[in-house]
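# An overview of the molecular structure
So the chains spell out like this:
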Amino acid sequence: MGELILVLDFGGQYKELIARLVRGLSVYSEIRSGDISAQEVKRLAPIGIILTGGPNSVYEPNAPKCDPEIFALGIPILGICYGMQMMCHMLGGEVKCGERGEYGIVDAVMGKSVLFEPGNSAVLMSHTDCVYKLPDGFLCTATTAACPIAAYENASKGFFGVQFHPESAHSADGQQLLRNFLYKVCAARGEYKLDDYLETQIIAIGEKVGNKNILLALSGGVDSSVCAALLTKAVPGQLVCIFVDHGFMRQNEGDEIERAFSNQNLHLIRVNAKDRFLAKMEGVIDPEAKRKIIGEEFIRVFEDEAAKLGEVPFLAQGTIYPDVVESGGAHGATIKSHHNVGGLPDNLAFSEIIEPLAGLFKDEVRVIGKKLGLPDSLVNRQPFPGPGLAIRIMGEVTESKLSVLRISDAILREELDGMGLNQYFTVLTDTYSVGVKGDYRTYDPVVAIRAVITNDFMTCECAQIPYEVLLKVSSRITNEIPSVSRVVYDITSKPPATVEWE
């Protein structure tokens, strides 16, 4: 392994963003549970450690802590928010509830530090607790109006802490702070390149698979498409791609996917399993239950098809790093179970799962796709969840609801295509409202529009769509779909919301 930065997770909502930004600065990073042992850290031999934020108070009895021996390994450490408070608390300082919380962008007065230049800087704060007393040997390097110690350091030991979030784009000099930590404190050489990752995966897959076949779940999305291209390069002629049309695709999407891959150098099998999946959804309302049921049924379909093909010992999936992280960890809450991670059943009929993209973030997957020669139409396709429209219907999934959602989604995509947005779709809510159509009273479900812009696919902002465009979309949906009489626009960012509603 080359240079490594360990990002130790204590439940921070920005942990993926920290790790992705580190990689963007040409240093490989991995997210590990905050309770990793010092012995394991020593084995991994990182050049630096970043302690994430988290929702707890460090002075509470059961608050998560890192192994105290980590501070004796001689490895530079940067604590962010909760990570800063935890390091202070564990090394003999004092953390307590502040007189008032700080949430949002505030002005910080920065002192002299290897991490930043002196002066004023806008930073993103999100905390109530504050550091009030520093451990021996530490110096305060930044303050705000409500936070007496907004940053500290013990430069001789390589320990640094910031109360704000440098990983957020809202912190004006945050990326430079991270760069300084990597290159000035950790002495990084910046050797991480996606070409190396690609080459390593191709060699590893070839050695593991040998002359046996691999079965790939192909959805037509970015992740599974890139996975197919990578596997074809690693083991040409040994890849069988199964596209399971579960009936939850967007309008005409099943046919489009089949056409897109029909001329590729792989064996493509399309399985029309709409009735099978709809039957499994009967009476199911909880979104986590939907994801897990659909995930298990996916695997069962793969097993059925594999049985027809003879022995296929390997199952490949387009799982990416945020899928794994968001499916839960020791200190991180399960945001949502991904059908290709948290929804896997225990009794798989495959000897091994191959997930060559599981160490990559979405933007890295797109770069790999381009390096493998995939067309822009596939590489830049907007994200679509594995469970499809089933988790864009609030409540029970039925064929009539799917029909409404497909039409409304198609209308939205027609009107918003070309506007440069990262993701946009409609949601059929389980909220009913009164309306009037043709002098008759209606009582129909509300359709919600979701459209976002993002640089990292882990945080996002509501897209500021021109009012006249929203009016046209609303008018078309309510006129072209008889059972819809109200359309709303979701203006919530992530966080606190997620991109999907379920």
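Residues numbered from 1 in each chain as written. Predicted model: local features only at pLDDT ≥ 70, side-chain atom pairs only at ≥ 80, totals over all residues. Heavy atoms only, no water.

The next thing to look at is the pairing of strand β10 (residues 214-217). Here β10 shows a buried face lined by Ile214 and Leu216 and a second buried face lined by Leu215 and Ala217. A crossover links β10 with its parallel partner strand β11 (residues 239-245), the connecting element being helix α6 (residues 222-234), and its sense is right-handed. The sheet contact formed by β10 and strand β13 (residues 314-316) spans three bridges and is parallel. By the bridge assignment, Ile214 is partnered in β13 with Phe314. (Buried < 20%, exposed > 50% of the residue type's maximum accessible area, 1.4 Å probe, protein only. Helix = DSSP H or I, 4+ residues; strand = E, 2+ residues; numbered from the N terminus. Right-handed = clockwise from strand over helix to strand, strands pointing away. Pairing = 2+ DSSP bridges.)

With six of six residues buried, strand β1 (residues 4-9) lies mostly within the body of the structure. Because side chains alternate across β1, one face comprises the buried residues Leu4, Leu6 and Leu8, and the other comprises Ile5, Val7 and Asp9, equally buried. Across six bridges, the pairing between β1 and strand β2 (residues 28-33) is parallel. Looking at β2, one finds that Ile5 is bridged to Ser29. Pairing geometry for β1 and strand β3 (residues 48-51), over four bridges, is parallel. When the bridges of β3 are listed, Leu8 appears paired with Leu51.

The strand order across the open sheet built from nine strands is β2-β1-β3-β4-β9-β8-β7-β5-β6, with neighbouring strands paired in mixed fashion. Whereas interior strands pair on both sides, the edge strands pair on one side only; in this sheet they are β2 and β6 (119-133). Looking at each pair of strands side by side, their axes are set apart by 20° on average, direction ignored. Examined bridge by bridge, strand β5 (residues 94-110) and strand β7 (residues 139-143) share two bridges and lie antiparallel to one another. What sits directly across from Val109, in β7, is Thr143. Where helix α1 (residues 15-24) meets the sheet, it contacts β1, β2, β3 and β4 (77-80), and its direction lies at approximately 160° from that of β2. (Axes fitted to C-alpha atoms, helices over the stretch in contact; angles between N-to-C directions. Contact = heavy atoms within 4.5 Å.)

Bringing the nonpolar core into the picture now. Residues Ile214, Phe248 and Phe302 are the most contacted members of the largest nonpolar core, which totals 115 residues. Here this core gets eight residues from one element, more than from any other, and that element is α6. Grouped together as the second largest cluster of nonpolar side chains are 42 residues, Leu17, Ala19, Val22 and Cys130 included. (Core = buried A, V, L, I, M, F, W, Y, C linked by side-chain atoms within 4.5 Å.)

Residue placement: Thr319 occurs in the loop between β13 and α10 (321-326). In this structure the side chain of Thr319 is engaged in a polar contact, spanning 2.7 Å, whose partner is the side chain of Glu355. (Polar contact = N/O pair within 3.5 Å; in protein donor to acceptor, adjacent residues only side chain to side chain.)

This brings us to the confidence of the model for the chain. For any part of a model where pLDDT is low, the fine detail of the predicted coordinates should not be relied upon. Model confidence for the chain is summarised by a mean pLDDT of 89, while 94% of its residues fall at 70 or above. Between the elements of the chain, mean pLDDT differs from a low of 75, seen in α10, to a high of 98, seen in β3. Note that pLDDT drops below 50 for residues 329-339; the model gives that stretch 40 contacts with residues more than four away or on any other chain. (pLDDT = per-residue confidence, 0-100.)

A contiguous nonpolar patch, built from Tyr432, Val434 and Tyr443 and spanning about 300 Å² of accessible area, is present on the exposed surface. Here Tyr443 lies in strand β16 (residues 440-453). (Patch = residues over 30% accessible without salt bridge, like charges linked within 9 Å, V, L, I, M, F, W, Y side chains within 5 Å. Areas by Shrake-Rupley, 256 points an atom, 1.4 Å probe, with all protein chains shown as cover. Salt bridge = Lys/Arg side-chain N within 4 Å of Asp/Glu carboxyl O.)

A sheet is described by the order of its strands in space; here five strands give the open sequence β12-β11-β10-β13-β14, paired in parallel fashion. The two strands at the open ends of the sheet, each matched to only one other strand, are β12 (267-272) and β14 (352-354). Sheet twist, expressed as the mean angle between neighbouring strand axes with direction ignored, is 25°. Strands β10, β13 and β14 of the sheet are contacted by helix α5 (residues 194-209), whose axis makes an angle of about 160° with β14.

In this section: the packing of aromatic side chains. In this structure the tally under the stated criterion is nine aromatic pairs. Seen in terms of ring centroids, Phe138 and Phe159 are 6.5 Å apart; in terms of plane orientation they differ by 25°. Their pairing is stacked. With Phe138 in the loop between β6 and β7 and Phe159 in strand β9 (residues 159-162), this residue pair connects regions lying 21 residues apart in the sequence. A single burial state applies to Phe138 and to Phe159, both of which are buried. Seen in terms of ring centroids, Tyr432 and Tyr443 are 5.7 Å apart; in terms of plane orientation they differ by 35°. Their pairing is tilted. (Phe/Tyr/Trp six-rings, centres within 6.5 Å; stacked < 30°, edge-to-face > 60°.)

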